[in-house]
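An overview of the molecular structure
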Amino acid sequence: MSISNDQYRDVLRFFPAGVTVVTAGKDQDIHGMTVSAFTSVSANPPLIAAIIDRGHGILPYLKEDGAPFAVNILAQDQKHISNNFAFTRVEERFRFGDWTTAATGSPILTDALAWLDCTVEQRYPVGTHIIYIGKVQASSVVRPEDRPLLYWNRNYRQVSTEFIND
């Protein structure tokens, strides 16, 4: 027994996710995409997972073991960057933001909330996606006082600073 794609999406829209831009490549041959399917995997060694659709154009940049990529964690004022990487042509995606390169050569958004510079450690094809395990080579929290951009119930949201009391 299985549920429909619509039922599946209806349920998962109520699970909030942070918004990231995953970037890969070096020099002028770079690519990037908006990713909300991102998570921590291990602190020792430092590993993350980014889950990417099998049909996305960034995949050729991630096909080799050790391929560099970065996860740029967006701040709540960077919705326009998320939309740009989700909906515009590849050639126009890096037009917003101040970009530099990390230790691996991957593009880093210098004013992201935080970033992780990674290399592909492992990959797991599952269903319509590939789970990429990245070994973190370098990282930075750029804006520690700011809040992350969230995606919940099919829209961007903000984190509240209000605590939930028992």
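Everything that follows concerns the structure shown earlier in this document.
These notes cover the structure that comes with them. (Residues numbered from 1 in each chain as written. Predicted model: local features only at pLDDT ≥ 70, side-chain atom pairs only at ≥ 80, totals over all residues. Heavy atoms only, no water.)

Some points on the overall build of the protein chain
Keep this limit in mind: Numbering of helices and strands starts at the N terminus; helices are DSSP runs of H or I of at least 4 residues and strands are runs of E of at least 2. Both definitions apply: the radius of gyration is a C-alpha atom measure, and the globule rule equals 2.2 Å times residues to the power 0.38.
Broken down by element type, the protein chain carries two helices and 12 strands. When the helices and strands of the protein chain are listed from N to C terminus, the series reads α-β-β-β-β-β-β-α-β-β-β-β-β-β. Relative to the compact-globule value of 15 Å for 166 residues, the protein chain shows a C-alpha radius of gyration of 16 Å, a close match. Based on the C-alpha atoms only, the size of the protein chain along its principal axes is roughly 45 × 45 × 35 Å.

With respect to the sheet that holds strand S2 (residues 20-26)
Note the cut-off: Only strands that DSSP links by at least two bridges are regarded as paired with each other. Fitted lines through C-alpha atoms serve as axes, helices being fitted only where they are in contact, and the angles separating the N-to-C directions of these axes extend from 0 to 180 degrees. Residues are treated as being in contact if the distance between any of their heavy atoms lies within 4.5 Å.
With antiparallel pairing, seven strands are arranged side by side in an open sheet as S3-S2-S6-S9-S10-S5-S4. The open sheet is flanked by strand S3 (29-35) and strand S4 (38-43), the only strands paired with a single partner. For this sheet the average axis-to-axis angle between neighbouring strands, irrespective of direction, equals 30°. Relative to strand S6 (residues 68-73), S2 runs antiparallel, the two sharing five bridges. Paired with threonine 23 across the two strands is alanine 70, which belongs to S6. Packed onto the sheet, helix H2 (residues 79-87) meets S2 and S3 and runs at close to 115° relative to S3.

Regarding the pairing of S3
For S2 and S3, the ladder comprises seven bridges, and the chain directions are antiparallel. Looking at the pairing, valine 21 lines up with threonine 34 of S3. In this antiparallel pair of consecutive strands, S2 and S3, the connection spans two residues, and aspartate 27 shows a positive phi of 55°.

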